[in-house]
Amino acid sequence: MAPIPDTFDLVPLTRDRLPDVLELDMWAFPTGDSLEDMLTLPSPLSWDRTFGVVEADHPERLVALHASYPFAQCPVPGGRVRAAGLTWVGVHPQWRRRGLLSAMIDTHFAHCRQWGEPVSLLTASEPAIYGRFGYGLATRRLHLTMKRGAALRPVPGSDEISVRFETASLDRHGELVARLHAAVDRPGWVTRETPQLATMWLTDAPIFREGREVQRIAVAERGGEAVGYALFRRKSNWADSGPEGTVGVQELVAADPAVAHALWSRLLDLDLTTEITSGMLADDDPLLSLLVDLRAAKVTVKDNVWARIIDLPAALTARQYQADLAVVFDVTDERLPANAGRWRVTAEAFGAARVERTDAEADLALDIRELGSAYLGGTTLLELAGAGLVKERRPGVLREAAVAFGWPVAPGSSWIF
Ligand SMILES: CC(C)(COP(=O)(O)OP(=O)(O)OC[C@H]1O[C@@H](n2cnc3c(N)ncnc32)[C@H](O)[C@@H]1OP(=O)(O)O)[C@@H](O)C(=O)NCCC(=O)NCCS
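Cut-off values and rules
- For every chain, the first residue of its written sequence is number 1, and the numbers climb from 1 along that sequence.
- Local features in this predicted model are restricted to residues of pLDDT 70 or higher, and side-chain atom pairs are both shown and tallied only at a pLDDT of 80 or more, whereas totals for entire chains, interfaces and linings draw on every residue.
- Here a helix means four or more residues in a row that DSSP labels H or I, a strand means two or more in a row labelled E, and each is numbered from the N terminus.
- Radius of gyration means the value over C-alpha atoms here, while the globule rule gives 2.2 Å times the residue count to the 0.38 power.
- Neighbour counting defines burial: a residue surrounded by 20 or more other C-beta atoms within 10 Å of its own C-beta is buried, one with 12 or fewer is exposed, and intermediate counts give partly exposed, using backbone-placed C-beta atoms.
- A domain assignment, automatic or from a database, supplies the domain bounds used here.
- Here a strand pair is declared whenever DSSP counts at least two bridges between the two strands.
- Here, axes are lines fitted to C-alpha atoms. For helices the fit covers the stretch in contact, and angles between N-to-C directions go from 0 to 180 degrees.
- As used here, a nonpolar core is made of buried Ala, Val, Leu, Ile, Met, Phe, Trp, Tyr and Cys residues. They are joined through C-beta atoms within 7 Å.
- The contact rule is simple: place each C-beta atom from the backbone, and if two of them lie within 7 Å, those residues are in contact.
- All residues are tested the same way: a C-beta atom is placed from the backbone, and lying within 6 Å of a molecule or strand makes the residue near it.
- Each residue gets one of three labels, nonpolar for Ala, Val, Leu, Ile, Met, Phe, Trp, Tyr, Cys and Pro, charged for Asp, Glu, Lys and Arg, and polar for the others, Gly among them.

Within the chain, the regular secondary structure consists of twelve helices and 21 strands. Rg of the C-alpha trace for the chain: 23 Å, near the compact-globule value of 22 Å for 417 residues, within the 12% margin. Referenced to the eigenvectors of the C-alpha coordinate spread, the extents of the chain come out at roughly 65 × 60 × 40 Å. Counting the 417 residues in the chain, one finds 40% classified as buried.

Time to look at unusual backbone geometry. Unusually for a residue other than glycine, Arg97 sits at a positive phi of about 60°. Of note, Arg97 is situated in the loop between β4 (79-91) and α3 (100-114). One non-glycine residue, Phe350, adopts positive backbone phi at about 55°. Relative to the helices and strands, Phe350 is located in the loop between β18 (341-347) and β19 (353-357). The partly exposed category is assigned to Phe350, around which 13 C-beta atoms lie within 10 Å.

Further remarks concern the domain arrangement of the chain. Bring the parts together and some accessible area is lost; that lost area is often taken as the interface size. Structurally, the chain comprises domain 1 (8-138), domain 2 (142-168 + 204-303) and domain 3 (307-405). The straight-line distance from the C-alpha centre of domain 2 to that of domain 3 is 38 Å.

All right, on to the sheet that holds strand β13 (residues 245-254) then. Spatial ordering of the open sheet is given by β8-β9-β10-β13-β14-β7-β15, a layout of seven strands whose pairing is mixed. Each having just a single partner strand, β8 (162-167) and β15 (298-303) make up the two edges of the open sheet. Neighbour-to-neighbour, the strand axes of this sheet turn through a mean angle of 25°, independent of strand direction. Where β8 lies against strand β9 (residues 216-222), six bridges are found, and the strand directions are antiparallel. Note on β9: the bridge partner recorded for Val163 is Ala220.

Where burial is concerned, most of strand β3 (residues 62-76) is hidden: twelve out of the 15 residues are buried. One ladder, built from five bridges, connects strand β2 (residues 50-55) with β3; its direction is antiparallel. Of the residues in β3, the one forming a bridge with Val54 is Leu62. Where β2 hands over to β3, the hairpin turn is made up of six residues, counted between the paired strands. Relative to β4, β3 is paired through ten bridges, and the arrangement is antiparallel. When the bridges of β4 are listed, Ala67 appears paired with Thr87.

Spatially, β1-β2-β3-β4-β5-β16-β6 is the arrangement adopted by the seven strands of the open sheet, whose pairing is mixed. For this open sheet the edge positions go to β1 (8-12) and β6 (136-137), each flanked by a neighbour on one side alone.

We now examine the nonpolar core. If you look at the biggest cluster of nonpolar residues, it comprises 113 residues, and the most contacted ones within it are Ala220, Tyr229, Ala230, Leu263 and Ala307. Of all the elements, β3 adds the most residues to this core, at nine residues. Once you skip the residues sitting within four places of it in the chain, Ala230 turns out to touch Ile217, Ala218, Val249, Leu252, Leu263 and Leu267.

Turning our eyes to something else, we now look at the environment of Thr379. Inspection of the secondary structure assignment puts Thr379 in the loop between α10 (368-375) and α11 (381-386). Distance from Thr379 to Thr7, taken between C-alpha atoms, is 41 Å for residues 372 residues apart in sequence. Apart from the residues within four sequence positions on either side, Thr379 is in contact with Leu137, Ala138, Ser373, Ala374 and Leu384.

With that out of the way, let us pick up the site of the ligand. The environment of the ligand is formed by 18 residues, the closest being Arg96, Leu100, Leu101, Ser102 and Ser125. Elements that contribute at least two residues to the shell around the ligand include exactly β4 and α3. Broken down by class, the residue content of the shell around the ligand amounts to nine nonpolar, four polar and five charged.

Right, let's talk about the pairing of β19 for a bit. Every other side chain in a regular strand lies on the same face of the sheet, so the side chains alternate between the two faces. Examined bridge by bridge, β18 and β19 share five bridges and lie antiparallel to one another. Its bridge partner being in β19, Trp343 is matched across the sheet by Arg357. Counting the residues between successive antiparallel strands, the hairpin from β18 to β19 contains five residues, one of them, Phe350, with a positive phi of roughly 55°.

This brings us to α10. Among the eight residues of α10, eight are classified as buried, and the element is accordingly described as predominantly covered. What α10 keeps buried is the set Ile368, Arg369, Glu370, Leu371, Gly372, Ser373, Ala374 and Tyr375. Directly beyond the C-terminal end of α10, a positive phi value near 85° is found at Gly377.

Summarising the element assignment, Ala83 is placed in strand β4. For Ala83, a count of 29 C-beta atoms within 10 Å corresponds to the buried category. The spacing of Ala83 and Pro195 is 112 residues in sequence and 17 Å in space, taken between C-alpha atoms.

A few words on the environment of Phe51. Mapping Phe51 onto the fold places it in strand β2. C-alpha separation for the pair Phe51 and Trp189, spaced 138 residues apart in sequence, amounts to 25 Å. If we ignore the near neighbours within four places in the chain, the residues touching Phe51 are Leu10, Val11, Pro12, Leu13, His66 and Thr107.

The following block contains the structure:
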């Protein structure tokens, strides 16, 4: 465990230190907004999971910070796992590169073990930071930019969906957004489980707008029942040739294909706009198959959720596998040696799994980082082996294990935490 450097102490933080927390956060993530503006916003933090680093001689001086969100119902292939969402990681520029992040990561891992959370997840400010700590890239996000009026293939029943456009509000829409978002069964699709996170998600404030309008919502209903929604903001732009506004979709949730068709159709045809961006989509989002001409859309791919396996047997038995599996892994894990060594993983397709220590010969050798990448079923073991990151010791086993570790639904998350 990386010790906290001598002249610093690691301390729990309480709500009364919110101004210090925001001040430090503004040093780590520069912003044009003032501390006064930031203080008007509801804090998404869970204070019992928020920790700071202070100068030992001046405990009032906060120099680093990390927190985590409880994702008690994090979807994984065929199940749910208690996960920690590492967040608000920041070190004041004056004290960077002295090992404070390393000490905070080890503290976070110890808390995960203490709280019975076998997996830690994060979305990274810079992809180069977290691999060294055993986080593997587990989900990607696609962003589509489409022209207004982009054609969609028809879906029967779409006409029966009515769509109401409203200004988003916690009071009016909090319950339906929380309910529909939590009903999505996609590995890695963490939801805003705490009241603080749910509140933050539907809070609108001038500092979030960046020249765009207030937060809007399109609510899709079938027979008076809400079956989907899209959060979005438009931005006006008047060019010489006329209006060239844009629509930025923040998050779209649809209970079925007709709802997805109805919501995208409305958003693709808003007056005074010429372009629409999709928000974060998983690799297999239905929009990709709905679009008649995918080539007309500009698609960008980025890293999304990073996964760190904290407790290997608990994590691997929390998920299912899509084929029968019998494999011995030889795992390296410098930071959490309890995960290191040989493990036999056996599972029935879409059934229960067993994970136990073994002295048997290893079939596959890999680092915990790669197991994190493969954990949500999106990155295949074969793909990682192709990059030299998984070694096959018994011929043939790699393909079998790669199939078993996959999942019919691609992993993804709709928001950055
Ligand atoms: C990223 C940040 C938290 C790193 O904190 P830090 O205390 O300087 O990190 P440490 O000193 O513990 O560094 C540990 C290792 O990670 C490396 N590292 C740290 N930040 C890195 C970065 N941004 N890119 C690549 N490597 C990085 C260090 O070089 C060091 O490597 P080493 O072990 O080989 O010497 C800090 O620079 C920061 O707050 N940045 C701005 C906000 C931010 O990006 N936060 C992360 C949010 S997800």
